[in-house]
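Below are the chains, spelled out letter by letter.
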Amino acid sequence: MEKIDTSFFAKEREAELSVVGESVQRADARGHVTGRTQFYEDVTFPNTLHLKMVRSTRHHALIKGIDTEAAMKVPGVVRILTHKDVPNNWYTILKLIGVGPDDEPVLPEDRVLFMGEQICAVLAETPQAALEAARRVVVDYEDLPPVFDVEAAMTSTPFKKDGTNYFVYEGHNCRRIRFGDVEKGFAEADHVIEHRYESSPIEHAPTETTGCTAKPEGNGRITIYSNTQALYFTLDNMALILGVPFNKLRLVGGTVGGGFGGKVDVIVEPIAALGAMLTNRPVKYAYSRAEEMQVSSPRAAERIYIKDGVMKDGRIIARKITLYVDAGAYCRHSTYGTTKAAAHMPGPYTIPNVHVDAYCVYTNRTPSSAMRGFGVTIGDFALESQMDQIARFLDMDPMELRLLNAYRDGDMKAHRKKVDGAALVEVIQAAARQTGKQLAPRFAKMSSMTREG
Amino acid sequence: MKHSVVSLTINGAERQMLVAPGSTLIDVLRESQGLTGTRRGCEQGACGTCTVLVDGKTAMSCMLPVETIEGAHVETIEGLTPPQGLHPIQEAFLQGFATQCGFCTSGMIMVAAALLAKNPNPSREDVVRAISGNICRCTGYEAIIDAILDAAVRIRSAAHAEAA
Ligand code: FES
Ligand code: FES
């Protein structure tokens, strides 16, 4: 590995970098190697109730009735929670930053929108009793046609409470970027190159499954031991859902047995806390491995069309992108992910004509949410695959094609922000050096700081 | 179904416990013995996170009905950790950045302990084979393999120093 080059951007650095480029021990590593690190599940309380969910066996259906009679007869069952028990049943995680409408029920009322959706929660003395009872709850469904394809969902009958099968961005059915005139660009281009890129949902599969234990305290508060990656998001959403002041809830956490974005949704905590409030006993709600794989939000599947107008010498003069993010049944973090995807287009290249439509679409699939660079990662896969396609088509070197189109300081980006502090040219040059590749002299001399070359 | 009494030697101490039918070793370790260093990852024998040593051999404690191992010697990460300082395998994991979230770490270290007890000078392939039942979702396996090889060196040189 080449040492980090601290001379670059020297004038923008105010302090010496003492950590970047160095190896620094994690503060918690000693606890990890001795097994002493305390994960949420390591804190246990006597008299704890175990919560197991009755989950939808349908992709899309009306709930005609829920029969809990047989379940309540299982020895050890204490209570079954339904939507009627939830003080404020409708929410959306990002309402804390002004995103709306509330599109997700904590527990569904009259319909389920994806297979595995939680319907009602069984509280019992042992996990076995809770599981057994959950199996005995009979849900009467009336199937509705599901939609699994993002483009089909855009035009099919709306199935969401608020009317559209897509998120509405400031009155538009997508996030949009308009810069220059792409149609004119395509007309002037030597070649028009169009491809479609697609990804599947990706599950984080953390080694520790999602879970929490909610414990009622003597002072009227509830303490929630959780492995959430988002303690404050969870706290505030819980307060809104449960209709209690924030200071009635205390979250203990921060130790996460693998998250990768998979533990930022607020799903298990509100129901466990509600169970604790209603029974005045500690309640533990932990996903089994199967639940983790099926119902925890994955990275969204995306479908991305890229159409480029390209000159013979490799300059891209127009880029049109139509991008679909499959949010699954509920919004969660996908509306934000879609905005990030739009913000990331058309990639780190200076292109005079850009047109982007980025749709956040609802389907009857498992709701997707955050995962390492969500909104950006799959977009990058599409953009950089497209760059390779262009290079191949023109029989150009892929690095040189990127250098030719790389944004540099002073360029205007499609979002109408001036580029400042670009380093793409230098990064590609360093990559060439490290892989022993000879760039043509014109590209070896290039710099992000000037438009020459 | 009735509870039964099971005796085990856990980390050198003899223990008798009342167990519910079908209880697994991990239930007993975590819930009645308070040994929470053994982690529960999948409860279906798929991830190796819950690995402990039973009579010196690795075992997935989530898959082992405790009634079937009456009288066995069980060793967990708590037993491996010396009262002061760290075991050489722990030292190697720490120095080698072989842990991130730490959830798989106990299982990895117990597998390493069993391997190095049997084979003090393992090849890289031996290590790969030994940890092939253990999943780590964070660190990647290279650092873990390197740490186990480094631990082998540490243990051999300590033994050498003692002999000299
Ligand atoms: S928890 Fe035992 S193998 Fe996964
Ligand atoms: S360190 Fe997180 S699973 Fe291995």
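Residues numbered from 1 in each chain as written. Chains lettered and ligands numbered in written order. Predicted model: local features only at pLDDT ≥ 70, side-chain atom pairs only at ≥ 80, totals over all residues. Heavy atoms only, no water.

You'll find chain B entered in an unreviewed UniProt entry as (2Fe-2S)-binding protein, with Mesorhizobium zhangyense given as the organism.

The name given to chain A in an unreviewed UniProt entry is Xanthine dehydrogenase family protein molybdopterin-binding subunit, and the organism recorded there is Mesorhizobium zhangyense.

Caption draft 1: Expanded view of the sheet that holds strand β17 (residues 353–362) of chain A. Residues and elements named next belong to chain A. A sheet is described by the order of its strands in space; here five strands give the open sequence β9-β17-β16-β15-β10, paired in mixed fashion. If you trace the sheet from one side to the other, it starts and ends with β9 (175–179) and β10 (191–198), each paired once. In this sheet, adjacent strand axes meet at a mean angle of 5 degrees when their direction is disregarded. Judged from the eight bridges that link them, β10 and strand β15 (residues 301–310) form a sheet pairing that is antiparallel. Residue pairing across strands places Arg196 opposite Tyr305, the latter belonging to β15. Its contacts with the sheet put helix α9 (residues 334–344) on β9, β16 (316–328) and β17, and the angle it makes with β17 is roughly 165 degrees. On top of the sheet, helix α10 (residues 377–394) reaches β10, β15 and β16; it is set at about 145 degrees to β10, its chief contact. (Pairing = 2+ DSSP bridges. Helix = DSSP H or I, 4+ residues; strand = E, 2+ residues; numbered from the N terminus. Axes fitted to C-alpha atoms, helices over the stretch in contact; angles between N-to-C directions. Contact = heavy atoms within 4.5 Å.)

Caption draft 2: Highlighting unusual backbone geometry. All names here are of chain A. Here the residue pair Gly100 and Pro101 is connected by a cis peptide bond, since its omega of 0 degrees sits within 30 degrees of zero. In this fold, Pro101 is placed in the loop between β4 (90–91) and β5 (104–105). Of note, the bond from Met345 into Pro346 is cis; its omega dihedral lies within 30 degrees of zero at 5 degrees. With respect to the secondary-structure elements, Pro346 resides in the loop between α9 and β17. Positive phi, close to 45 degrees, is recorded for Glu170, a residue that is not glycine.

Caption draft 3: Local environment of the pattern of salt bridges. In this structure the tally under the stated criterion is 41 salt bridges over all chains. Across the pair Glu151 of chain A and Arg303 of chain A runs a salt bridge whose closest N-O atoms are separated by 2.7 Å. Taken together, the residues Glu151 of chain A in helix α4 (residues 150–155) and Arg303 of chain A in strand β15 connect sequence positions 152 residues apart. Classification of Arg303 of chain A by relative accessible area gives buried; the value is 9%. The salt bridge partner of Glu43 of chain B is Arg40 of chain B, with a shortest N-O separation of 3.1 Å. In this structure Glu43 of chain B comes out as partly exposed when scored by relative accessible area, which is 46%. Its relative accessible area of 12% is what places Arg40 of chain B among the buried residues. (Salt bridge = Lys/Arg side-chain N within 4 Å of Asp/Glu carboxyl O. Buried < 20%, exposed > 50% of the residue type's maximum accessible area, 1.4 Å probe, protein only.)

Caption draft 4: Examining the sheet that holds strand β2 (residues 61–67) of chain A more closely. Residue and element names in this part refer to chain A. Pairing in this open sheet of three strands is antiparallel, and the strands run β6-β2-β8 from one edge to the other. Each edge of the open sheet is held by one strand with a lone partner, namely β6 (111–112) and β8 (138–143). By the bridge criterion, six bridges tie β2 to β8 in an arrangement that is antiparallel. Opposite Asp67, over in β8, you have Val138 as the bridge partner.

Caption draft 5: Structural context of the UniProt feature "domain: Aldehyde oxidase/xanthine dehydrogenase a/b hammerhead" (unreviewed entry) in chain A. As recorded in UniProt, the feature "domain: Aldehyde oxidase/xanthine dehydrogenase a/b hammerhead" (unreviewed entry) lies at residues 34–145 of chain A. Within residues 34–145 of chain A, the helical portion is 13% and the strand portion 34%, while the C-alpha atoms at the span's ends are 52 Å from each other. (UniProt positions renumbered as here; feature names shortened; annotations may be inferred.)

Caption draft 6: Looking closely at the interface of chain A and chain B. Contacts between the two partners involve 26 residues from chain A, matched on the other side by 29 residues from chain B. There are three salt bridges connecting chain A and chain B. Between Arg30 of chain B and Asp42 of chain A there is a salt bridge, with the nearest N and O atoms lying 2.7 Å from each other. In this structure, the connection of chain A to chain B is made through 14 residue pairs in polar contact (both at pLDDT 80 or more). It is helix α1 (residues 29–34) of chain A that provides the largest number of residues to the side of chain A that touches chain B, a total of five residues. Broken down by class, the residue content of the side of chain A that touches chain B amounts to seven nonpolar, eleven polar and eight charged. (Polar contact = N/O pair within 3.5 Å; in protein donor to acceptor, adjacent residues only side chain to side chain. Nonpolar A, V, L, I, M, F, W, Y, C, P; charged D, E, K, R; others polar.)

Caption draft 7: Broad picture of the packing of α10 of chain A against helix α11 (residues 398–405) of chain A. All names here are of chain A. Direction vectors running N to C along α10 and α11 enclose 110 degrees, while the axes themselves pass 9 Å from each other. By the angle between their axes, α10 is roughly perpendicular relative to α11. Judged by the twist between their axes, the crossing of α10 over α11 is right-handed. Listed contacts from α11 to Glu384, Met387, Asp388, Ile390 and Ala391 of α10 are Pro398, Leu401, Arg402 and Asn405. Residue composition of the contact of α10 with α11, grouped by class: five nonpolar, one polar and three charged. (Parallel < 35°, antiparallel > 145°, perpendicular 65-115°, else oblique. Left-handed = near helix turned anticlockwise from the far one by under 90°.)

Caption draft 8: Structural view of the domain arrangement of chain B. Residues and elements named next belong to chain B. Partitioning chain B into structural domains gives domain 1 (4–79) and domain 2 (88–163). Spacing between the C-alpha centres of domain 1 and domain 2 amounts to 22 Å. Every contact between the two is made by 17 residues of domain 1 and, on the other side, twelve residues of domain 2. Regarding the contact of domain 1 and domain 2, the summed buried area is about 1,100 Å², with carbon and sulfur atoms giving 64% of it. On the domain 1 side of the interface with domain 2, the three residues burying the most area are Arg39, Thr49 and Ile77, jointly 40% of the side's total. At the boundary of domain 1 with domain 2, the tally comes to zero salt bridges. Remark: the boundary between domain 1 and domain 2 carries four residue pairs in polar contact (both at pLDDT 80 or more). Within the residue set of the side of domain 1 that touches domain 2, elements represented by two or more residues are β3 (51–54) and β4 (57–60). If one sorts the elements of the side of domain 1 that touches domain 2 by residue count, β3 sits on top with three residues. A class-by-class count of the residues in the side of domain 1 that touches domain 2 yields six nonpolar, eight polar and three charged. (Domains from an automatic or database assignment. Buried area = accessible area lost by both parts, 1.4 Å probe.)

Caption draft 9: Here's a closer look at helix α4 (residues 105–118) of chain B. In a regular helix each residue adds 1.5 Å, so 14 residues correspond to 20 Å; α4 of chain B covers 20 Å between its end C-alpha atoms and thus fits that length. Within α4 of chain B the residues assigned to the buried category are Thr105, Ser106, Gly107, Met108, Ile109, Met110, Val111, Ala112, Ala113, Ala114, Leu115 and Leu116 of chain B. (Expected span 1.5 Å × (residues − 1).)

Caption draft 10: Fine view of a nonpolar patch on the surface. Together, Leu96, Ile97, Leu240 and Phe246 of chain A line one region of the surface with nonpolar side chains, adding up to about 350 Å² of accessible area. One can find Leu240 of chain A in helix α6 (residues 231–242). (Patch = residues over 30% accessible without salt bridge, like charges linked within 9 Å, V, L, I, M, F, W, Y side chains within 5 Å. Areas by Shrake-Rupley, 256 points an atom, 1.4 Å probe, with all protein chains shown as cover.)

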